[in-house]
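# Examining the three-dimensional arrangement
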Amino acid sequence: MTDTRMDESETPKPEDWAGEMGARWLSGIDRFEAMIAPIGDALLARAAVMHGERVLDLGCGGGETSLAIAAAVGPSGSVTGIDISPDLITRARERAAAAHATNLDFECIDAAVYRPDTPFDRMVSRFGSMFFPQPVEAFSNLHACLKTGSRIDLAVWGPPRENPWMMEMIGVLRRHIEVPPAVPRAPGPFAFEDTDYLTRVLGDAGFGHIEIVAYEGLQPIGGVT
């Protein structure tokens, strides 16, 4: 019998969004957000949050999506953005203050343990849900943050081979360095590339009526069109 277990040095480590990764995203936030803006627009169009709803923005980053949701729910609604990065939460609060958004607040907390005082009507996440080391446990906790019968809308990356921008970058990198093979289902951008796995995670966490819709469109690389 062959033992195929990885030792500690080979085990994939979660991306450090509370520290280095959050700071990196902040340093190029305008460029990065411009790259994913079309996908964020498609997510919010599909989510179609309604006036007066109370919404949780999961992995809110610099608050761009939170601000858009706050405008959609209006003054009778409210939005709470949560993120594990203190740097990004600081930027989100600055943006909210500059926009005079009084129906919007932010908390720096791990979504896997977050519990609001009152359950939310809705939950939305633009690429903020793929980094949990224990996704079923994290989504079970998030399920408890929602009212019964509520809805969650997530944007996640499909397989790298179906994302030309990713394959181009990997091709360039491989000409210069050895790129290690991806570890399926490991925390990271492509953790949910297998939609059957995503469906199983959400189902095990208590969510039902799961519908996955593919999005295809042009994406500006480097933040420019």
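Structure: above.
Residues numbered from 1 in each chain as written. Predicted model: local features only at pLDDT ≥ 70, side-chain atom pairs only at ≥ 80, totals over all residues. Heavy atoms only, no water.

## A word on the overall build of the chain
Looking only at helices and strands, the chain has 7 helices and 5 strands in total. Shown N-terminal to C-terminal, the secondary structure of the chain runs as helices and strands in the order α-α-β-α-β-α-β-β-α-β-α-α. Sorting the 225 residues of the chain into buried and exposed places 39% on the buried side. Summarising the internal contacts of the chain: among those between residues at least 6 apart in sequence, 75% fall at separations of at least 24. (Helix = DSSP H or I, 4+ residues; strand = E, 2+ residues; numbered from the N terminus. Buried < 20%, exposed > 50% of the residue type's maximum accessible area, 1.4 Å probe, protein only. Contact = heavy atoms within 4.5 Å.)

## Observations regarding the environment of Pro38
Here Pro38 lies in helix H2 (residues 29-47). Leave out the neighbours within four places in its chain, and Pro38 touches Tyr215, Leu218 and Pro220.

## Overview of the packing of helix H5 (residues 135-143) against helix H7 (residues 195-204)
Angle between the axes and distance between the axes are the two parameters that describe a pair of packed helices. Interhelical geometry of H5 versus H7 gives an angle of 50° and a closest axis separation of 8 Å. As summarised for this structure, H5 and H7 are arranged oblique, according to the angle between their axes. Handedness of the crossing formed by H5 with H7: right-handed. Note on element contacts: H7 touches H5 through Tyr197, Val201, Leu202 and Asp204, opposite Pro135, Val136, Phe139 and Ser140. Grouping the constituent residues of the contact of H5 with H7 by class yields 6 nonpolar, 1 polar and 1 charged. (Axes fitted to C-alpha atoms, helices over the stretch in contact; angles between N-to-C directions. Parallel < 35°, antiparallel > 145°, perpendicular 65-115°, else oblique. Left-handed = near helix turned anticlockwise from the far one by under 90°. Nonpolar A, V, L, I, M, F, W, Y, C, P; charged D, E, K, R; others polar.)

## With respect to the side chain of Asn141
With respect to the element layout, Asn141 can be found in helix H5. There is a polar contact of 2.8 Å between the side chain of Asn141 and the backbone oxygen of Tyr114. (Polar contact = N/O pair within 3.5 Å; in protein donor to acceptor, adjacent residues only side chain to side chain.)

## Points about the environment of Leu104
Structurally, Leu104 is set in strand E3 (residues 104-108). With relative accessibility at 10%, the residue Leu104 sits in the buried group. For the pair formed by Leu104 and Ala71, sequence separation is 33 residues and the distance between their alpha carbons is 9.5 Å. Residue contacts for Leu104: discarding those within four places in its chain leaves Ser66, Leu67, Ala70, Val79 and Ala96.

## Observations concerning the pattern of salt bridges
Counted according to the given criterion, the structure contains 11 salt bridges. Across the pair Glu33 and Arg95 runs a salt bridge, and its minimum N-O distance is 2.9 Å. Here Glu33, found in helix H2, pairs with Arg95, found in helix H4 (residues 86-98); they are 62 residues apart in sequence, far enough to count as distant. Notably, a salt bridge pairs Glu94 with Arg91, separated by 3.5 Å at the nearest N-O pair. (Salt bridge = Lys/Arg side-chain N within 4 Å of Asp/Glu carboxyl O.)

## Details of the environment of Ala138
With respect to the element layout, Ala138 can be found in helix H5. Not counting residues within four places of it along the chain, the set of residues in contact with Ala138 comprises Ala112 and Phe132.

## What to know about the packing of H2 against H4
Where H2 contacts H4, the axes come no closer than 13 Å and their chain directions differ by 80°. The angle between H2 and H4 places the two elements in the roughly perpendicular class. Across from Ile29, Asp30 and Glu33 in H2, the residues of H4 making contact are Leu88, Arg91 and Arg95. Split by residue class, the contact of H2 with H4 holds 2 nonpolar, no polar and 4 charged.

## Overview of the side chain of Thr80
Within the secondary structure, Thr80 sits in strand E2 (residues 78-83). Among the residues examined, Thr80 registers a relative accessible area of 6% and is labelled buried. Discounting residues that sit within four places of it in the chain, Thr80 has contacts with Val55, Leu56, Asp57, Asp105, Glu107, Tyr114 and Phe120.

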